[in-house]
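Architecture and fold: a report
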Amino acid sequence: MRKPLIAGNWKMHKTVKESIEFALEFKERIGDVNDRDVVIAPPFVSLFPMFDILKDSNVKLSAQNMYFEEQGAFTGEISPIMVEESGCKFVILGHSERRHIFGETDEIINKKVLSAVSHRLIPILCVGETLEDRENRRTFDIVGEQLARGLYGINFSADFVVAYEPVWAIGTGRTATPEIAEEVHGYLRNKITEIFGKDKGDNVRILYGGSVKPENVEGLMAMENIDGALVGGASLKVDSFEKIIKFGRQ
Ligand code: PGA
């Protein structure tokens, strides 16, 4: 049985002060949630102050990105050691905004995945097709390649999470229907089984991301291969994020 995982990706939102205010209220609101994992990925500068507040709670922290080297002359980058020391258990890698705005390739993302794992961080590897890919019926090819290349060479015992985020559904209000998402999730699970074997295939959590809201989370989470959500916009308000986390309880 896969434990659901709901992660909030704040992107470049919230100052340190705003992050602290959120954390203080949020921690109280979801104090009774134990049957699912709750993760927040704030901007780097908010990680440590939030860790201080959340360390004895059921909320875990994630970075939104990191560089693969441990240290050195890499102006503007953050290393896996720094991410881990800031209290993170997870790191989001290969988000479509990193791929499309900052030009990250599968090769770079793979180096980051390997580096994360070797520093005991759990990568949340994002994959997803553009609208053009979908219209050209290339969805499975694209996500399959991003998955295989992103995870290439990873230790078979390493823990990782996959997030399917169709680029056309991110921040657009246009969610994939549960059926469309499930089709891709099933494909990704088969691919993981093919590469890593049945045990891994059965146990890896595959999150859906792209305009997840309190109104559509139930339908998505009812699907067999959807094990959680990577939430952008709707994770910025305590109310809506709490409702998403508490899916199935209303
Ligand atoms: P969204 O973002 O929920 O605002 O669509 C999701 C994501 O990019 O992780």
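Below is a summary of the structure that appears in this document.

The rules behind these values
Residues numbered from 1 in each chain as written. Predicted model: local features only at pLDDT ≥ 70, side-chain atom pairs only at ≥ 80, totals over all residues. Heavy atoms only, no water. Buried < 20%, exposed > 50% of the residue type's maximum accessible area, 1.4 Å probe, protein only. Helix = DSSP H or I, 4+ residues; strand = E, 2+ residues; numbered from the N terminus. Pairing = 2+ DSSP bridges. Near = heavy atom within 4 Å. Polar contact = N/O pair within 3.5 Å; in protein donor to acceptor, adjacent residues only side chain to side chain. Areas by Shrake-Rupley, 256 points an atom, 1.4 Å probe, with all protein chains shown as cover. Nonpolar A, V, L, I, M, F, W, Y, C, P; charged D, E, K, R; others polar. Phe/Tyr/Trp six-rings, centres within 6.5 Å; stacked < 30°, edge-to-face > 60°. Lys NZ or Arg CZ within 6 Å of the ring centre and 35° of its normal. Expected span 1.5 Å × (residues − 1). Arc of directions from axis to C-beta. Contact = heavy atoms within 4.5 Å. Axes fitted to C-alpha atoms, helices over the stretch in contact; angles between N-to-C directions.

Describing the pairing of strand 5 (residues 122-127)
- By the criterion of burial, strand 5 is predominantly enclosed, with six of the six residues buried.
- Going residue by residue along strand 5, you find Ile-122, Ile-124 and Cys-126 tucked away on one face and Pro-123, Leu-125 and Val-127 tucked away on the opposite face as well.
- For strand 4 (residues 88-93) and strand 5, the ladder comprises four bridges, and the chain directions are parallel. Residue pairing across strands places Leu-93 opposite Leu-125, the latter belonging to strand 5.
- Looking at chain direction, strand 5 and strand 6 (residues 161-164) are connected through four bridges and run parallel. Following the sheet pairing, Val-127 is matched in strand 6 by Tyr-164.

Digging into the site of the ligand
- Surrounding the ligand, one finds 13 residues, the nearest of these being Lys-11, His-95, Glu-165, Gly-171 and Ser-211.
- Asn-9 is positioned with one of its side-chain polar atoms (N or O) 3.5 Å from an oxygen atom of the ligand.
- A distance of 2.7 Å is found between an oxygen atom of the ligand and a side-chain nitrogen or oxygen belonging to Glu-165.
- Within the complex, the protein chains bury 95% of what would otherwise be the 280 Å² of accessible surface of the ligand.
- Tallied by class, residues from the shell around the ligand come to four nonpolar, seven polar and two charged.

Observations regarding the packing of aromatic side chains
- The tally for this structure, following the rule as stated, stands at nine aromatic pairs.
- Centre to centre, the rings of Phe-22 and Phe-26 are 5.1 Å apart; their planes meet at 40°, and the pair counts as tilted. Placement of the pair is Phe-22 and Phe-26 together in helix 1 (residues 16-29), with a separation of four residues, close to one helical turn.
- Classification of Phe-22 as buried rests on a relative accessible area of 5%.
- Taking the centre distance of 5.4 Å and the plane angle of 10° together, the rings of Phe-26 and Phe-241 count as stacked. Residue Phe-26 is found in helix 1, and its partner Phe-241 is found in helix 11 (residues 238-245); the two are separated by 215 residues along the sequence.
- The structure contains a cluster of three or more aromatic residues connected by ring pairs, namely Trp-10, Phe-22, Phe-26 and Phe-241.
- Just above the ring of Trp-10 sits the side chain of Lys-14; from NZ or CZ to the centre is 5.3 Å.
- Across the ring face of Phe-247, the terminal group of Arg-36 is positioned such that the distance to the ring centre comes to 4.3 Å.

Comments concerning helix 1
- Given a rise of 1.5 Å per residue, 14 residues ought to cover 20 Å, and the 20 Å separating the end C-alpha atoms of helix 1 matches this to within 8%.
- Every buried residue of helix 1 is listed here: Ser-19, Phe-22, Ala-23 and Phe-26. Seen from one end, helix 1 has its buried residues packed into an arc of 105°, which puts them on one side. Of the exposed residues in helix 1, those oriented more than 90 degrees away from the buried face are Lys-17 and Glu-28.
- Each element contacted by the buried residues of helix 1 is listed here: strand 2 (37-41), helix 2 (44-54), strand 3 (59-63) and helix 11.

Description of the sheet that holds strand 4
- Around the barrel, which closes on itself, the eight strands sit in the order 1-2-3-4-5-6-7-8 with parallel pairing between neighbours. The average undirected angle you get between the axes of adjacent strands in this sheet is 25°.
- The pairing of strand 3 with strand 4 spans three bridges and is classified as parallel. If you follow Leu-61 over to strand 4, its bridge partner there is Cys-88.
- Packed onto the sheet, helix 2 meets strand 2, strand 3 and strand 4 and runs at close to 165° relative to strand 3.

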